Amino acid sequence: MSENNFDLVIIGSGPGGYVAAIRGSQLGLKTALIEKYEHLGGTCLNVGCIPSKALLHSTEMYNFAAQSAEVHGIDLTNLSISIKKLMAKKNKTVNQLRAGVEHLMKANKVKVFNGLGMLAGLGKVRVKEKHDETVLNAKNIIIATGSSTIELPFLKFDAESVVSSDQAIAFDKVPKKLVVVGAGAIGLELGSVWARLGSQVEIIEFLPLIAPAFDKDVSKMAERLFKKQGLKFHLKTKVTGIKKENGKVILLAEKIEKQVEFEADKILVAVGRRPYTDHLGLEAVGIETDEKGHIPVDAHFKTSTEGIYAIGDVIPGPMLAHKAEEEGVACVERIAGQAGNVNYNVIPNVIYTEPEIASVGMTETTAKESGIECKSGKFNLAGNGRAIATDATDGFVKVTACAKTDRILGVQVICKGASELIASAVTHMEYGGSAEDLGRTIHAHPTLSEAMKEAGLAVGGKALHSS
Ligand code: FAD
Ligand code: NAI
């Protein structure tokens, strides 16, 4: 076999692409991975999940030291924080994981090409490297080119005062006033990071709720708790433009037909991301994107062109790293003749604020809107022993189940560590578990996860530790 003949060529090395490459190699496929940037790992590792979680962790510790240490008898007089060291710690984490992905590619004998991958006709991918161009022959091609930031037409990014998350994970000093457009995952996570460091953060959202993808009860409690942490929300507010006055940027917006202005040192635009297919050469293979720019695929990730597949943020569905990974695995298994599959009903969704918010499956509202007769059980963390012992009483777990069969339809969690708690709900749902199954599952005492068990019991009106 010629050096440039592959069973599988993957374009894009994010969590979708690099995980697909590992699975390809495990299944005996000669696999190549193409990445246009110097480092592997995509958005998630380089400018997304990992750097943002590193910053959230560091600032949460700083916030604890500044706000709560004293009540534990910890004296931290003259507390300070160095943004330079904070960023160095984040970069160290990212570098460690970059090296980890590189190692995994070597260990799995995946051939990595550093360059822009372009579709060059059926079964051919051109890689434009720094000084060279190589054409790879591919029996199968997976497009895993991910997503990119969305720019508002009247709020152009300038990398200085109007920025995306790419810059907001790397400011070299704390902006005095940070205005965030969008109260979704990025707005709440990075808004929290900079508020903890002393920024005055104002978040503008055109919907009436923050974190609108979650259950209304969760969004409302999150708003109340984040307000206490100093975040200011302006809901039902539509951004209309920007002006500059005396060296200051002022964001213009409309709130219930009234003009409002927000002075800012930095404006972070976090209104979603768009599928990324720039320079990919989709036209060379006859693939057309949909109205939102996604590459349409069938249930087995096949595009309209034979031998070309697509996964991750570039196809429809939630833009989440674990969704991209699962699609990568399932897609390659299908290519290898196996029965890979993604269960889209049980993809967890988490916002890593303090407290964290997490969900899986349907909300009570979406279940009712789909015409399903359902019942819900809720358990407040205030009734959980571990929560009381660890200052984590803010929040609740809510389980929604089918009224007829008791099968769990969805779970919503807002509490410290919700990202870890949601995993047991995902597992129960994956195996078709009922609310009673969840309620009868033994959870260690004392743990916050007992709230999950209690919420399962609450669906049948049998929670043990609530009155
Ligand atoms: P990507 O990770 O976007 O990777 C695509 C790769 O393809 C990139 O490296 C790109 O350079 C490369 N590429 C594109 N075109 C070409 C080409 N023509 N040739 C060669 N290479 C190409 N998700 C979570 O689940 N949890 C989180 O906590 C989380 N936090 C996030 C925080 C932020 C600030 C952001 C921005 C996103 C976050 N996400 C999170 C979303 C997550 O990053 C994405 O869902 C995930 O990275 C998608 O994976 P992917 O493999 O589809 O694409
Ligand atoms: P998002 O879709 O989570 O939130 C965008 C928010 O902006 C929504 O609340 C929306 O109503 C609002 N909005 C849209 N246009 C607006 C406008 N013109 N004015 C005011 N508000 C407006 O998108 P976000 O936060 O940009 O994140 C992008 C993607 O990255 C998401 O799909 C998310 O899944 C992923 N991500 C995931 C994280 C996680 O899993 N913890 C963390 C960060 C990002």
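Note that this is a predicted model, so its numbers are computed, not measured.

End to end, helix 8 (residues 321–335) covers 21 Å across 15 residues, agreeing with the expected 21 Å (1.5 Å per residue, within 8%). When we look at burial in helix 8, the residues that qualify are Ala321, Lys323, Ala324, Glu327, Gly328, Ala330, Cys331, Val332, Glu333 and Ile335. At its buried positions, helix 8 is contacted by strand 1 (5–11), helix 1 (15–26), helix 2 (42–46), helix 3 (49–67), strand 6 (133–143) and strand 17 (308–310). Following helix 8 by one or two positions, Gly337 adopts a phi angle in the positive range, close to 85 degrees.

Generally speaking, nonpolar side chains in soluble globular proteins are found buried as a group. Leu119, Ile142 and Ile143 are the most contacted members of the largest nonpolar core, which has 47 residues in total. Elements that contribute at least two residues to this core include exactly strand 1, helix 1, strand 2 (31–35), helix 4 (83–107), strand 5 (124–128), strand 6, strand 17 and helix 8. Discounting residues that sit within four places of it in the chain, Leu119 has contacts with Ile11, Lys124, Ile141, Ile143, Leu280, Gly281, Leu282, Ala284, Val285 and Ile308. Listed in part, the 37 residues of the second largest apolar core include Ile83, Leu188, Val193 and Ile210.

Moving on, we come to the site of ligand 1. Around ligand 1, the structure places 39 residues, and the nearest of them are Glu35, Thr43, Lys53, Gly117 and Ala321. Lys36 is positioned such that a nitrogen or oxygen atom in its backbone is 3.1 Å from a nitrogen atom of ligand 1. Taking Leu320, its main chain carries an N or O atom lying 3.2 Å from an oxygen atom of ligand 1.

So, about empty space enclosed by the protein. Under the criterion given, the structure shown has 1 cavity of 30 Å³ or more. Taken as a whole, the largest cavity holds about 50 Å³ of empty space. Around the largest cavity, the lining residues are Thr149, Ile150, Phe157, Ser164, Ser165, Ile186, Val269, Ala270, Gly272 and Arg273. Considered class by class, the residues forming the lining of the largest cavity number 5 nonpolar, 4 polar and 1 charged.

Moving on to the sheet that holds strand 21 (residues 396–402). Taken together, the 5 strands give an open sheet; going across it, the order is 18-19-22-21-20, and neighbouring strands pair in antiparallel fashion. If you trace the sheet from one side to the other, it starts and ends with strand 18 (349–351) and strand 20 (374–380), each paired once. Strand-to-strand twist in this sheet, taken as the mean axis angle between neighbours without regard to direction, amounts to 10 degrees. Of the pairings in the sheet, the one linking strand 18 to strand 19 (residues 356–361) comprises 3 bridges and is antiparallel in character.

This next bit is on the packing of helix 3 against helix 6 (residues 185–196). Where helix 3 contacts helix 6, the axes come no closer than 9 Å and their chain directions differ by 35 degrees. In the crossing of helix 3 with helix 6, the sense of the turn from one axis to the other is left-handed. Contacts between helix 3 and helix 6 involve Ser52, Lys53, Leu55, Leu56, Thr59, Glu60, Tyr62 and Asn63 from the first element and Glu189, Leu190, Ser192, Val193 and Arg196 from the second. Along the lines of polarity and charge, the residues of the contact of helix 3 with helix 6 split into 5 nonpolar, 4 polar and 4 charged.

Before going further, it helps to examine the sheet that holds strand 14 (residues 258–264). Within the open sheet, the 3 strands sit side by side as 12-13-14. Their pairing is antiparallel. In this open sheet, the two strands that pair with only one neighbour each are strand 12 (237–245) and strand 14. Geometrically, the sheet is characterised by an average inter-axis angle of 25 degrees between neighbouring strands, direction not taken into account. Summarising the sheet, strand 12 and strand 13 (residues 248–255) pair through 8 bridges and their orientation is antiparallel. Paired with Lys243 across the strands is Ile250, a residue of strand 13.

For helix 6, which comprises 12 residues, the first-to-last C-alpha distance of 17 Å matches the rise-based estimate of 16 Å (1.5 Å per residue) to within 8%. Burial runs high along helix 6: 10 of the 12 residues are buried. Within helix 6, burial applies to Gly187, Leu188, Glu189, Leu190, Gly191, Ser192, Val193, Trp194, Ala195 and Arg196. Positive backbone phi, approximately 115 degrees, marks Gly198, located one or two places after helix 6.

Taken as a whole, the second largest pocket spans an internal volume of roughly 840 Å³. As for the second largest pocket, its lining consists of 27 residues, of which Asn63, Ser68, Gln229, Glu354 and Lys416 are closest to the centre. Of all the secondary-structure elements, those providing two or more residues to the lining of the second largest pocket are helix 3, helix 6 and helix 7 (216–228). Considered class by class, the residues forming the lining of the second largest pocket number 11 nonpolar, 9 polar and 7 charged.

Domains assigned within the chain are domain 1 (5–148 + 274–342), domain 2 (162–271) and domain 3 (346–457). Summarising the inter-unit geometry, the C-alpha centres of domain 1 and domain 2 are found 28 Å apart. Of the residues lining the interface, 16 residues belong to domain 1; the matching set on domain 2 comes to 14 residues. Across the domain 1/domain 2 interface, buried area totals approximately 1,200 Å², and carbon plus sulfur atoms make up 69% of it. In terms of surface lost to domain 2, no three residues of domain 1 exceed Val47, Leu56 and Ile83, which account for 38% of the buried area on that side. The tally of links from domain 1 across to domain 2 stands at 1 salt bridge. Where Glu189 meets Lys53, a salt bridge forms, and the shortest distance between an N and an O atom there is 2.7 Å. If you look at where domain 1 meets domain 2, you find 4 residue pairs in polar contact (both at pLDDT 80 or more). Every element with two or more residues in the side of domain 1 that touches domain 2 is listed here: helix 3 and helix 4.

What counts, and at which threshold
Position labels on residues start from 1 in each chain and follow its written sequence. Chains carry letters and ligands carry numbers; both start at the beginning, A for chains and 1 for ligands, and go up in the order they are written. Local features in a predicted model are, by the rule used here, given only for residues with pLDDT of at least 70; side-chain atom pairs are given and counted only at 80 or more, and totals for whole chains, interfaces and linings are based on all residues. Note that water and hydrogens are dropped before the side-chain values are worked out from all heavy atoms of the structure. Runs of E in the DSSP output that reach at least two residues are strands. Runs of H or I that reach at least four are helices, and both are numbered from the N terminus. Given a helix with a known number of residues, its expected span is that number minus one, times 1.5 Å. Working definition: with a 1.4 Å probe on protein chains only, accessible area under 20% of the residue-type maximum means buried, over 50% means exposed, and in between means partly exposed. Here a residue-residue contact requires only that any non-hydrogen atoms of the pair lie within 4.5 Å. Throughout this description, the term nonpolar core refers to a set of buried Ala, Val, Leu, Ile, Met, Phe, Trp, Tyr and Cys residues connected via side-chain atoms within 4.5 Å. Whether a residue is near a molecule or strand is decided by its heavy atoms; if any one of them lies within 4 Å of it, the residue is near. Pairing of N or O atoms within 3.5 Å defines a polar contact, subject to two protein rules: one partner must be a possible hydrogen donor and the other a possible acceptor, and residues neighboring in sequence count only if both atoms are side-chain atoms. Both cavities and pockets are sets of points on a 1 Å grid over the protein atoms alone; in a cavity a 1.4 Å probe fits but cannot get out, in a pocket the set is open with protein on both sides within 12 Å along at least five of seven lines, and lining residues sit with an atom within 4 Å of a point. Grid points are joined across faces, edges and corners, and a volume is the space filled by probe spheres set on the points. Gly is placed with the polar residues, together with every amino acid not listed as nonpolar (Ala, Val, Leu, Ile, Met, Phe, Trp, Tyr, Cys and Pro) or charged (Asp, Glu, Lys and Arg). Strands were regarded as paired on the criterion that DSSP finds at least two bridges between them. The axes used here are C-alpha line fits, helices contributing only the stretch in contact, and every angle between their N-to-C directions lies in the interval 0 to 180 degrees. Rotating anticlockwise by less than a right angle from the far helix to the near helix defines a left-handed crossing, while the corresponding clockwise rotation defines a right-handed one. The split of the chain into domains comes from an automatic or database domain assignment. A 1.4 Å probe defines the accessible area here, and the buried area is the portion of it lost by two parts on being joined, summed over both. The term salt bridge refers to a pairing of a side-chain nitrogen on Lys or Arg with a carboxyl oxygen on Asp or Glu at a separation within 4 Å.

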